[in-house]
Every structure is written in structure tokens, then in C-alpha cells.
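Analysis of the macromolecular model
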Amino acid sequence: MECDILDSLNDLGYSKEFCEDESIKKVLLDEPCSVPFTEVVSWLSLELETIAELEEHVNAITNKDDFSSFLLEVSALLRELDCPYQTLISGPVEERLNNRESRLKLLDYLTSELSSSRIIYINKPTPLIVGEKKRKQDDETEVAFLLKTALTTLDLSNTPVDVKPEKLFADIESTLKNIIENYPNSVEKCALTHSLTAEQWAKLDEIITSLNCEYEVRREMLLKRIDVTVQSFMWSKSLTNEILKVYTPKRGKLQSKCPMSIPMLLSSRQSLLNHQKTSSGKEREVTKCEINKVLIGSVPDRGGRAWEYDIPREMPSFKKRAEGGGGRGGRRGGFGKDKKFRKY
């Protein structure tokens, strides 16, 4: 397989040191975090991104500390391409490229995808749309689009138009069962393994609706933050047009609507349950940095603790002055009308 990959890379136009017989064997036999290996994967992903208008691509690493990010980017790219190799998109992320066979499989898949994409692009010179980016026609409903996609994927596109719904879904179910029986490892186990009652489905729909509303608010807040951040760099009129030229296309792809639904829940697999903490373990080894070792010493007390202040005394209530009492006496404090001030 090494020779086939080497020939494919030469045909595709990759001309770095990796395209040598001894070099490719050395890279594949070495540990997976070698820089030449990540460079060729990055080049293949960038070529696919240009032709197929992908959202994801892979960046090459400069040191071993970046390998964790490289694995996450590879996983996102393969999911967008609908990669059929479950060993490359499921299970613990750090173990997917640990062996030589998996690295060969990754290079073989990416070179095959790029070769086929270029052939299709020559026959139809418009950007290809693959994976989740397939779009329905203007006069087509969402249900019809999804059903047509399922029939095409299962090779049932020749189904008569006037077929009854019961017969159609029975054919889909039998085809899926045959595929799962013939290829038991091709499909992961569902994350939802229990059947639900009608009341539970209704409650689940309410939960999804509530979460979608909350996520929409969060997305709107994040989008507002990024808009304000970009706007703060537009103080220079000479750079405004350049910033908008780069920012506007990417900003247009960010939507506040959350598309989560019950069909997505039913199609989710158990690999989504493999979450790893980034605050400990192996992930922490690649996320820690020198600034984490800086300790802040004692700082002056700034106060501000409300419980250390005395409770303010209330003003005494107003009382009406009694008539004829108090004060310095009548007639200006006891001085008579005819009396004069003594001069000193």
C-alpha cells in the first residue's frame, strides 16, 4: 500500500521530501506525531477544501505539543467527508493514529477522495458539495430531500414514484438490516438503546425545544461578541474594506439557529459519549504552559466587605415642637426690646 500512496501523491502533485520510497516508510514507521506526516495530511485537506468547499481543514504541527489539536482537526475533517472507516472517527482520539495501519488508511482515504474530487471537478467545474453540505432544491421540502438522500445512499433510487409508504419504508428497513448483517462493524451502536413511550417522546420534544431556545440565545450572544470585536478593529478606514472582505463570508456561515432535533438524537452513536476532560490526564500535558506556573503573591487589602461596616443609624422620627417651651426663651433669647448690646 505504501507504493500506491506514493504514486497517488506524485500524481496529485505533492513534491516534498515525503514523496520518496524510503522517506514514506520512515514516516509511517515512526511515531504518529512526526511533522512530515502532518504536512502531507494538511496539504491533502487544503486541496479538498478548495475543490469541495469544505468547512474543515487540518494544520500541520511544528512540535509534538500540537499533536492533540491535529487529531481533533483530522476527526472533524473525516466526519465532514462522511468517512466510512470507523476506526478513524470513533473511539479515543489519541489512539486513532497510534499504529501504522491506521496512518496508511488515513493517507489512502484522503488521496482517494482528492483524486475522485478532481475527476468530478473536471467534468463539472463547479465547487463540489459533499457530506453535510448537500442542499435540497428550491421546490423540494425538507422531508422529501432527506428521503431522496436516504434512497440514493441505499441504492434504492429506482423506487417507483407511486409506491406506497408502507412498502417504501419496509424496503428501507430490510436494506439496512442486510447491510448491518453483512458489515457488523460498519455502523456503531446507537446512543439511545431503549424504546420510549408516547408521553416520553412528547416530553423529549419539549426538552429539545427548550434547549434549542437556550442555545440560540447563547449563539446570538457569541455572534454579537465577535461582531463587536471585529468592529473595534475598523477604526482605520484604510483597513475597513480589507477586514470586511475577509470577515463577511465567514460571518455569513454562522447562524444563531440551533438545528438539533429528534432525528439527530436517533442517529447519534455511542462514540459521542467518549468525552475527555482537558483539565487532567494526557490532555493536560499538551494544554499546560509556563504561565500556569506563575504564582501571585500577597496583594494589599482593598476592603469592600459590607459586613465589616457598622449599620447606619436611622434618623429620629420628626416630632412637632411643643408650644411655649424650649429654646432660649421668648423675645430673641431673653434680651428685652429696650436693652442694648454691650460694646467692648
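Read on for an overview of the structure. Residues take numbers from 1 onward in each chain, read along the sequence in its written order. Given that the model is predicted, a residue must reach a pLDDT of at least 70 before its local features are reported, and side-chain atom pairs must reach 80 or more before they are shown or counted; all residues, however, enter totals for whole chains, interfaces and linings. Side-chain numbers come from the whole structure's heavy atoms, not from hydrogens or water.

1. As for the overall build of the protein chain
Note the following rule: What counts as a helix is a DSSP run of H or I of at least four residues, what counts as a strand is a run of E of at least two, and both are numbered from the N terminus. The buried label applies to any residue whose accessible area, calculated with a 1.4 Å probe on protein chains only, is under 20% of its type's maximum; exposed applies above 50%, and partly exposed to all values in between. We call two residues contacting when some pair of their heavy atoms lies within 4.5 Å.
Counting its regular elements, the protein chain contains 13 helices and zero strands. When the helices and strands of the protein chain are read in sequence order from the N terminus, they spell out α-α-α-α-α-α-α-α-α-α-α-α-α. Going through the 344 residues of the protein chain one by one, you find that 24% of them count as buried. For the protein chain, restricting intrachain contacts to residue pairs at least 6 apart in sequence, the fraction spanning at least 24 positions comes to 61%.

2. Overview of the packing of helix α9 (residues 198-231) against helix α10 (residues 237-252)
Convention followed: Axis definition: a line fitted to C-alpha atoms, over the contacting stretch in the case of helices. Angles run 0 to 180 degrees between N-to-C directions. Any angle between 65 and 115 degrees counts as roughly perpendicular, while under 35 counts as roughly parallel, over 145 as roughly antiparallel, and the rest as oblique. Side-chain classes are defined by residue name, with Ala, Val, Leu, Ile, Met, Phe, Trp, Tyr, Cys and Pro counting as nonpolar, Asp, Glu, Lys and Arg as charged, and the others, Gly among them, as polar.
The interhelical angle for the contact between α9 and α10, taken along N-to-C directions, is 170°, at an axis separation of 12 Å. Classified by the angle their axes make, α9 and α10 are roughly antiparallel. On the side of α9, the interface is formed by L223, I226, D227 and V230, while α10 contributes I243, Y247 and R251. Counted by class, the contact of α9 with α10 contains five nonpolar, no polar and two charged residues.

3. Quick word on the pattern of salt bridges
Put simply, the test is: Salt-bridge detection follows one rule: a side-chain nitrogen of Lys or Arg within 4 Å of a carboxyl oxygen of Asp or Glu.
Tallied over the full model, the rule gives seven salt bridges. The residue K257 makes a salt bridge to E216 at a minimum N-O spacing of 3.4 Å. Note that K257 is positioned in the loop between α10 and α11 (262-267) and E216 in helix α9, a separation of 41 residues in sequence.

4. A look at the nonpolar core
Quick reminder of the rule: Among the buried residues, those of types Ala, Val, Leu, Ile, Met, Phe, Trp, Tyr and Cys that are joined through side-chain atoms within 4.5 Å form a nonpolar core.
Counting 33 residues, the largest nonpolar core has V41, L44, F70, L78, L106 and L110 as its most contacted members. For this core, the secondary structure elements donating two or more residues are α1 (2-12), α3 (35-52), α4 (67-80), α5 (86-89) and α6 (100-123). If you tally residues by element for this core, the top one is α3, at eight residues. Sequence-distant contacts of L44, that is, excluding residues within four places in its chain, are made with L9, L12, L107, L110, T111 and L114. One finds L151, L156, L168 and I172 within the second-largest nonpolar core, a separate group that totals five residues.

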